[in-house]
Amino acid sequence: KASPAKRLLAYLAQFPGHPTDDGNAVALQYLAPKILLTHGIEDGTVPFTATSDAARQLRSCGLEDCHDVYLEKTGHQDVVMHFMLGGMAQELVWEFLFQTCDFQRKSRIQHSRL
């Protein structure tokens, strides 16, 4: 049996108008979400270069909508706390969503009240 990835690529290849010479690029372009990678520059747990390496690898596979952002004066736990309690990292994600998706400012207010 073929792996799930190979079965997916075979499925995508059957649709007219999609390039079939590079099934991986087809899968990434049509199925992958927009990606935002964030990392604190002063992270002592995971070096921020790990994020830049990951972004480079994703782009080399054909993923065009991959963004990497680095937060100055921010460590590993700081980013986690920003996401949980509000802060620079959380604001950055909201801005990314508003700029790249069809969200409206009103939807942020509704979500923050949940």
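As the structure is a computational prediction, the values presented were derived from the model and not from experiment.

**Student:** Please explain the overall build of the protein as it appears in this structure.
**Tutor:** Each helix and strand in the protein was counted, giving six helices and two strands. Along the protein, helices and strands appear, N-terminal first, in the series α-α-β-α-β-α-α-α. Taking all 114 residues of the protein together, the buried fraction comes to 19%.

**Student:** I keep staring at the side chain of threonine 51 and nothing clicks. Help me out?
**Tutor:** Positionally, threonine 51 belongs in helix H3 (residues 49-60). In this structure threonine 51 touches Leu37, Thr38, His39, Asp68 and Tyr70, once residues within four positions along its chain are discounted.

**Student:** When you look at the packing of aromatic side chains in this model, what are you seeing that I'm missing?
**Tutor:** Here the distance between the centres and the angle between the planes together describe a pair of aromatic rings. Applying the stated rule across the entire model yields two aromatic pairs. On the basis of an interplanar angle of 70 degrees and a centroid distance of 5.9 Å, the ring pair of phenylalanine 48 and tyrosine 70 is categorised as edge-to-face. In this pair, phenylalanine 48 is assigned in the loop between strand S1 (35-40) and H3 and tyrosine 70 in strand S2 (residues 66-71), connecting sequence segments 22 residues apart. For tyrosine 70, a relative accessible area of 26% puts it in the partly exposed group. Judged by centre distance (5.7 Å) and plane angle (20 degrees), the rings of tryptophan 94 and phenylalanine 98 are stacked. Note that tryptophan 94 and phenylalanine 98 are positioned in helix H5 (residues 88-100) at a spacing of four residues, about one turn of the helix.

**Student:** Would you mind showing me how to read the environment of phenylalanine 96 here?
**Tutor:** Relative to the helices and strands, phenylalanine 96 is located in helix H5. Its relative accessible area of 12% is what places phenylalanine 96 among the buried residues. For the pair phenylalanine 96 and histidine 67, spaced 29 residues apart in sequence, the C-alpha to C-alpha distance is 9.3 Å. In contact with phenylalanine 96, not counting residues within four places along its chain, are Lys34, Ile35, Leu36, His67 and Cys101.

**Student:** Just to check I follow, could you spell out the pattern of salt bridges for this structure?
**Tutor:** As a working rule, side chains carrying opposite charge can pair if their charged atoms are close by. What the rule picks out here adds up to three salt bridges. Residue lysine 34 pairs with aspartate 65 through a salt bridge whose shortest N-O separation is 3.8 Å. Here lysine 34 is found in the loop between helix H2 (23-31) and S1, whereas its partner aspartate 65 is found in the loop between H3 and S2, with 31 residues between them in sequence.

**Student:** Is there a simple way to think about unusual backbone geometry in this case?
**Tutor:** For residues besides glycine, phi is generally negative; the peptide bonds are generally trans as well. With phi around 50 degrees, lysine 73 is a residue other than glycine that occupies positive phi space. Looking at the secondary structure, you find lysine 73 in the loop between S2 and helix H4 (76-85).

Reading the values: the criteria
Residues numbered from 1 in each chain as written. Predicted model: local features only at pLDDT ≥ 70, side-chain atom pairs only at ≥ 80, totals over all residues. Heavy atoms only, no water. Helix = DSSP H or I, 4+ residues; strand = E, 2+ residues; numbered from the N terminus. Buried < 20%, exposed > 50% of the residue type's maximum accessible area, 1.4 Å probe, protein only. Contact = heavy atoms within 4.5 Å. Phe/Tyr/Trp six-rings, centres within 6.5 Å; stacked < 30°, edge-to-face > 60°. Salt bridge = Lys/Arg side-chain N within 4 Å of Asp/Glu carboxyl O.

In short, the description is geometric, and any link to function would need to be established separately.
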